[in-house]
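Geometric and topological summary
Next come the chains, spelled out residue by residue.
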Amino acid sequence: MPQTTRRTAPPSPLPARGPLPRDGTVVLDVVIPVHNEEEDLEACVRRLHAHLADTFPYRFRITIADNASTDRTPEVAALLDDAIEEVTAVRLERKGRGRALHTVWTLSEAPVLAYMDVDLSTGLNALLPLVAPLISGHSDLAIGSRLTGGSRVVRGPKREFVSRAYNLILRTGLAARFSDAQCGFKAIRKDVAERLLPLVEDTGWFFDTELLVLAERAGLRIHEVPVDWVDDPDSSVHLVRTATDDLRGVWRVGRALATGRLPLDRLARPFGDDPRDHALDVPRGLARQLLGFLVVGALSTLAYLGLYWLLRTGAGAGPQPANAAALLVTTVGNTAANRRLTFGVRGRGRVLRHQAQGLVVLGIGLALTSGSLAALDLAGGSPGHGAELSVLVAANLAATALRFLLLRAWVFPHHSQGNPR
C-alpha cells in the first residue's frame, strides 16, 4: 500500500490587532538580560519595580534572565525573586542576549513582552509610552530610539559614530526604515513574538536587528519612542567584536531576504483593524505596486525602443520582425523585474510559470503594437522610422495599462493584496 504524505496547511495570517482586556492578569513582562552584573542588578531591579508600581496601570512582572553568569549574579537574582512578588529569576547555562530573550519571551504568558538593559541607560519615563501602543492594539512592536527627533542623548563621539554608521548600513543594505536598531529598550506583542521568534536565528547582539528587519519586511507596524539616554561608561560591550558579528548578520539576513527563504507571509496582518476595511476589500499596496510597475515599465520601454531601433537601422530587419524580437527580449526582463520588485516574489518557485504567463501578456502587447504598425502601413505613403516609433509609443502605453492589470489579477494574484515587500 503506497504511503501518503500528509500536507500541512500553511499557518493562517495574524488576526487584526485589538486592545488587550483589563482582566487582572499580568499584562507586561519586562525582561532584564544579565551576565556578571552582581553589582548593578539589585539597584536596577528595585528602581524599575518602584517605577512600575507607581506609574503602570496594569499588572506586571520583571524577569531576570541570567546568561551563564560566573559571579554572584545568580544569587542576587534569587534573593530578588524571593523578596519581591513581581520578580522572577531565570537561569540559562549558555551566554547570549538574543538566546535569553528568545527563551523567556517564548515561555512567558504575558500579552506584552519587553526588555531593557541592566544599566538603565534609557529613562524609565519612556516605558509606558513604549508599551501603550501594543496594549491598545495600535502597533505590533515598539522601540526606543536615540536617533529620532525629541530624543536626548549623552554619550561619547565614538559610540555616536558607531551607532549612526550601523544604522546607515541597515538603511542601505537592508532597506530598513526604523531609526535605531541597537537601543536596549524594546517591546513586542506576544502573538507577534510567537510567529516571529522562530524566524530569528541570531542569539547575540544582532538579535534585535534581525527581529526588527523581519518584522518590517513582513509589514508589521513598529512604533518608535524618543528616549532620554545616558551612556554607561562601564559598559562591557566589545564594540569591534559586536560590529563584526552585526555585519555578518546583515549579510546573512540580506541573503535570506533576497532568496525568499523566509516565510514572512505567516506574519501578514489584515489591511486594517476597522471592520469596514474588510467589508470593502481594500487592496493593499496598490500605490507601491503601481509605482514599481511604472519604473520597471519605463526602463523596459527604453530598452525596447533602443533594441527596435538597433534591429531596424543596424540589422536591417523589417518593422514586424524587429518589433516581435524587441518585445520578446524585453518582456522576459520585464516579467522578472516586476516579479521581484513590484510584487515581491522571491525564490525560484513558479518562475517558469510566471514567465510563460508573461509571454501570454506579451502576445496581447504584440497584437496591439503589430496592429498599430499594420494600420500605419495601410494608411498609405512611406512612414519614416520616427512615425513608426510614435505609433509604437502610443500602442505601448495602452499595452502597459493592460499588462499591469493582467500581472496583478492573473500572473501574481496572491502577491497583489499586500504581500511583504
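In short, a report on the structure. Note that the structure is predicted; figures quoted are calculated from it, not measured. (Residues numbered from 1 in each chain as written. Predicted model: local features only at pLDDT ≥ 70, side-chain atom pairs only at ≥ 80, totals over all residues. Heavy atoms only, no water.)

Summed over all chains, the structure comprises 17 salt bridges. The closest approach of N and O atoms between Arg 177 and Glu 216, which form a salt bridge, is 4.0 Å. Here Glu 216 lies in helix H7 (residues 207-217) and Arg 177 lies in the loop between helix H5 (157-173) and strand E7 (185-189), a separation of 39 residues in the sequence. You can call Glu 216 buried: its relative accessible area is 9%. We note a salt bridge from Arg 248 to Asp 245, for which the minimum N-O separation is 3.5 Å. (Salt bridge = Lys/Arg side-chain N within 4 Å of Asp/Glu carboxyl O. Helix = DSSP H or I, 4+ residues; strand = E, 2+ residues; numbered from the N terminus. Buried < 20%, exposed > 50% of the residue type's maximum accessible area, 1.4 Å probe, protein only.)

Before going further, it helps to examine the pairing of strand E4 (residues 112-116). By the criterion of burial, E4 is predominantly enclosed, with 5 of the 5 residues buried. Here E4 shows two buried faces, one formed by Val 112, Ala 114 and Met 116 and the other by Leu 113 and Tyr 115. The pairing of strand E1 (residues 26-34) with E4 spans 4 bridges and is parallel. Paired with Val 30 across the two strands is Ala 114, which belongs to E4. Where E4 lies against E7, 5 bridges are found, and the strand directions are antiparallel. When the sheet's bridge partners are listed, Met 116 is paired in E7 with Phe 185. (Pairing = 2+ DSSP bridges.)

Take helix H4 (residues 127-136) next. Among the residues of H4, Leu 127, Leu 130, Val 131, Pro 133, Leu 134 and Ile 135 are the ones counted as buried. Looking at the packing, one finds that the buried side of H4 touches E1, helix H1 (41-55), E4, strand E5 (141-145), E7 and strand E8 (222-226). Count one or two residues on from H4 and you reach Gly 137, which has phi positive near 90°. (Contact = heavy atoms within 4.5 Å.)

Taken as a whole, this structure holds 5 aromatic pairs when the rule is applied. On the basis of an interplanar angle of 50° and a centroid distance of 5.8 Å, the ring pair of Phe 56 and Tyr 58 is categorised as tilted. Under the relative-accessibility criterion, Tyr 58 is labelled partly exposed at 22%. Members of the aromatic cluster, joined through ring pairs, are Trp 105, Tyr 115 and Phe 207. Lying across the ring of Tyr 58, Arg 22 places its NZ or CZ 5.0 Å from the centre. (Phe/Tyr/Trp six-rings, centres within 6.5 Å; stacked < 30°, edge-to-face > 60°. Lys NZ or Arg CZ within 6 Å of the ring centre and 35° of its normal.)

Right, let's get into the side chain of Thr 331. Position of Thr 331 relative to the elements: it lies in helix H11 (residues 319-342). Not counting chain neighbours up to four residues away, the residues in contact with Thr 331 comprise Gly 358 and Leu 362.

Within the largest apolar cluster, 44 residues are counted, with the highest numbers of intra-cluster contacts made by Trp 105, Leu 141, Phe 178, Ile 188, Leu 196 and Leu 214. Of all the secondary structure elements, the ones that give two or more residues to this core are E1, helix H3 (97-107), E4, E5, H5, helix H6 (190-196), H7 and helix H8 (239-259). The dominant element in this core, judged by the number of residues it contributes, is H7, at 6 residues. What Trp 105 contacts, discounting residues up to four positions off in sequence, is Val 31, Leu 113, Ala 114, Tyr 115, Ile 188, Lys 190, Leu 197, Phe 207 and Leu 211. Counting 39 residues, the second largest nonpolar core, distinct from the first, contains Val 34, Ile 64, Leu 127 and Phe 185. (Core = buried A, V, L, I, M, F, W, Y, C linked by side-chain atoms within 4.5 Å.)

A cluster of nonpolar side chains, namely Leu 291, Val 295, Leu 299 and Leu 302, defines an oily patch on the protein surface of about 430 Å² accessible area. Within the secondary structure, Leu 302 sits in helix H10 (residues 286-314). (Patch = residues over 30% accessible without salt bridge, like charges linked within 9 Å, V, L, I, M, F, W, Y side chains within 5 Å. Areas by Shrake-Rupley, 256 points an atom, 1.4 Å probe, with all protein chains shown as cover.)

Before going further, it helps to examine the environment of Leu 127. Of note, Leu 127 is situated in helix H4. According to the relative accessible area criterion, Leu 127 is buried, its value standing at 1%. With 58 residues separating them along the chain, Leu 127 and Phe 185 place their C-alpha atoms 8.3 Å apart. What Leu 127 contacts, discounting residues up to four positions off in sequence, is Leu 48, Leu 52, Met 116 and Phe 185.

For helix H12 (residues 351-378), spanning 28 residues, the distance from its first C-alpha to its last is 40 Å, which sits close to the expected 40 Å at 1.5 Å a residue. Looking only at H12, the buried set comprises His 354, Gln 355, Gln 357, Gly 358, Val 361, Leu 362, Gly 365, Thr 369, Ser 370, Leu 373 and Leu 376. (Expected span 1.5 Å × (residues − 1).)

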